[in-house]
Amino acid sequence: MIIQRNVLHEAIDKLPENALDELAKFIEFLQFKIQYDEFSAVPNLIKESDMNWQIETQNNPPFNPVHFPEGILTGFDFSPEYIATARKELWLGIGADFE
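Fair warning: this is a prediction, and the values are worked out from it, not measured in the lab.

Notes on the overall build of the chain
Okay, so step 1: When its secondary structure is counted, the chain shows four helices and zero strands.
Okay, so step 2: Along the chain, helices (α) and strands (β) appear in the sequence α-α-α-α when read from the amino end.
Okay, so step 3: Relative to its 99 residues, the chain shows a buried fraction of 0%.
Okay, so step 4: Summing over all exposed atoms, the chain offers an accessible surface of approximately 10,400 Å²; the carbon and sulfur share of this is 60%.

Section: a nonpolar patch on the surface
Okay, so step 1: Residues Ile72, Leu73, Phe76, Phe78, Tyr82 and Ile83 make up a contiguous nonpolar surface patch of about 610 Å² in total accessible area.
Okay, so step 2: Following the sequence through the fold, Phe78 ends up in the loop between α3 (52-57) and α4 (80-92).

Structural notes on the pattern of salt bridges
Okay, so step 1: This model, assessed by the stated rule, comprises one salt bridge.
Okay, so step 2: Residue Asp21 is joined to Lys25 by a salt bridge in which the shortest nitrogen-to-oxygen separation is 3.5 Å. A residue pair is termed a helical-turn pair when its members lie 3 or 4 positions apart in one helix, as Asp21 and Lys25 do in helix α2 (residues 17-41) at four residues.
Okay, so step 3: Residue Asp21 is classed as partly exposed on the basis of its relative accessible area of 49%.

Reading the values: rules and limits
- Residues numbered from 1 in each chain as written.
- Predicted model: local features only at pLDDT ≥ 70, side-chain atom pairs only at ≥ 80, totals over all residues.
- Heavy atoms only, no water.
- Helix = DSSP H or I, 4+ residues; strand = E, 2+ residues; numbered from the N terminus.
- Buried < 20%, exposed > 50% of the residue type's maximum accessible area, 1.4 Å probe, protein only.
- Areas by Shrake-Rupley, 256 points an atom, 1.4 Å probe, with all protein chains shown as cover.
- Patch = residues over 30% accessible without salt bridge, like charges linked within 9 Å, V, L, I, M, F, W, Y side chains within 5 Å.
- Salt bridge = Lys/Arg side-chain N within 4 Å of Asp/Glu carboxyl O.

What follows is the structure in C-alpha cells.
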C-alpha cells in the first residue's frame, strides 16, 4: 500500500487539535523504532572504542539512602519481619503447578 505524502498532510489537517499531541508522540515513536531497527541491522559497524561506555557504566554509583521526613510513613510497617513474611507469602504458590 503506497500512501502519498499529500494524502497524509490532508488527513493531519482534518484531525482535531487535541489529537495532534498523540500524533506527535506516535511520530516520535516511529522515528525511534526506525533508528533502533537500523542500528540492530548493522551490529558490526560498532567500533570497539564506541563500546567503552559499557565498561564505564559498570561502576556502581555510591549508595545514597532515601531519607523520609519524620512521620511521612506513619502507620506503615516496613520492619524486616514484615518484609520476610510478605516474601514468604509472595513465593508460596509459585512453582506449585510446575511439574
